[in-house]
Amino acid sequence: MLYFDERIIYESQYSTVDGQIRYRLNAYDPMNNQYQTILELDYQPSYFTLQKGVIAVAETIVSSREGVVHFYDLDGNEKKIIKFGTDVVNITSNGKDIVVNCDGGMFAIDVDTLEQRELVQKENTAFVYVQDTTYSYYSIDNVELQKDVPQVHAGIMNASNDTELFGLENAIIDYYDDANIYVTTLEKEVKYRIYDWNGNLVNEIIPSATLGASDGAIPIAYHAMDYSSIVRVWNGQLIGYHFQDSEIEFFSCNLTTGACKFLET
């Protein structure tokens, strides 16, 4: 799930008349309460992103655990397929490239040429957000990987000199801008925390405080969570989601007041 061009992009699935499972990428416009199907797929997408006129969708080959990324134009025509030797664990974009995050490696795909280059190699690391020459990530060392609920380190790195600019434990750094860093805690009762670049806590938002109990969201780094990590920060709001009675529900939280509300569907 991601936020693009003032719309929430998300995956859904359906059954054909002959019982085959098919998948769609859909766009939801919360301002106008409108839905649109943007891509039909005959495989299950694991991650996806949009950048300029390119849609990138990751598929995992179950038998080999090989990650494959399909690139489409906005009319749904497949332009290229790139295979990676390991699982694709996330796809993001930085304004110029599609950034493919694999187990232990990060690659950039030029949106104009679809040519590939390697950016970073780190063991037991997942990359979350990329901005210019910086990126956020989280990592779990080999000792912690043996535990049911491992400790997680998250940070923001300057890729040009391999220097960590900001770090914290048991959280995900979902987004950052020139003023603030936006974080999701890895705990059952999720908290969204906003820090300045000096590490001072600017605000803390607890979605369950205004939205109530939840059936949960997709776990991150072996941690169960009642609400999702931050999907997008936009227009003084953060966007997230959770599942209730097996149905997905989107919500927004005001970055100043901390009040959250469900979006109409």
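In what follows, the structure referred to is the one given above.
These figures come from a predicted structure and were not determined experimentally. (Residues numbered from 1 in each chain as written. Predicted model: local features only at pLDDT ≥ 70, side-chain atom pairs only at ≥ 80, totals over all residues. Heavy atoms only, no water.)

1. As for the packing of aromatic side chains
Logical step 1: Summed over all chains, the structure comprises eleven aromatic pairs.
Logical step 2: A centroid spacing of 5.8 Å and a plane angle of 40° characterise the contact between Tyr175 and Tyr182, whose relative ring orientation is tilted. For the pair Tyr175 and Tyr182, a shared accessibility class is recorded, and that class is buried.
Logical step 3: Within the aromatic cluster, the residues linked to one another by ring pairs are Tyr129, Tyr175, Tyr176, Tyr182 and Trp197. (Phe/Tyr/Trp six-rings, centres within 6.5 Å; stacked < 30°, edge-to-face > 60°. Buried < 20%, exposed > 50% of the residue type's maximum accessible area, 1.4 Å probe, protein only.)

2. Here we look at the pairing of strand 13 (residues 125–131)
Logical step 1: For strand 13, the tally of buried residues reaches six of seven residues, placing the bulk of the element in the interior.
Logical step 2: Relative to strand 14 (residues 134–139), strand 13 is paired through six bridges, and the arrangement is antiparallel. Bridge assignment links Tyr129 to a residue of strand 14, and that residue is Ser136.
Logical step 3: Between strand 13 and strand 14, which pair antiparallel and follow one another directly, the connecting turn spans two residues, one of which, Asp132, has a positive phi of 55°. (Helix = DSSP H or I, 4+ residues; strand = E, 2+ residues; numbered from the N terminus. Pairing = 2+ DSSP bridges.)

3. Examining unusual backbone geometry
Logical step 1: For Lys52, which is not a glycine, the phi torsion comes out positive at approximately 50°.
Logical step 2: The residue Lys52 is located in the loop between strand 5 (47–51) and strand 6 (54–61) in this model.
Logical step 3: Positive phi, normally seen in glycine, also occurs at Ala221, with a value near 50°.
Logical step 4: Within the secondary structure layout, Ala221 lies in the loop between helix 1 (207–211) and strand 21 (232–234).
Logical step 5: Residue classification places Ala221 among the buried residues on the basis of a relative accessible area of 12%.

4. With respect to the state of the cysteines
Logical step 1: Inspection of the entire model under this criterion finds one disulfide.
Logical step 2: In this model, Cys253 is linked to Cys260 through a disulfide, with the two sulfur atoms separated by 2.1 Å. Measuring the twist about the S-S bond at about 105°, one finds the Cys253-Cys260 disulfide to be right-handed. Note on accessibility: Cys253 and Cys260 belong to one class, buried. (Disulfide = S-S within 2.5 Å.)

None of this, on its own, says anything about what the molecule does.
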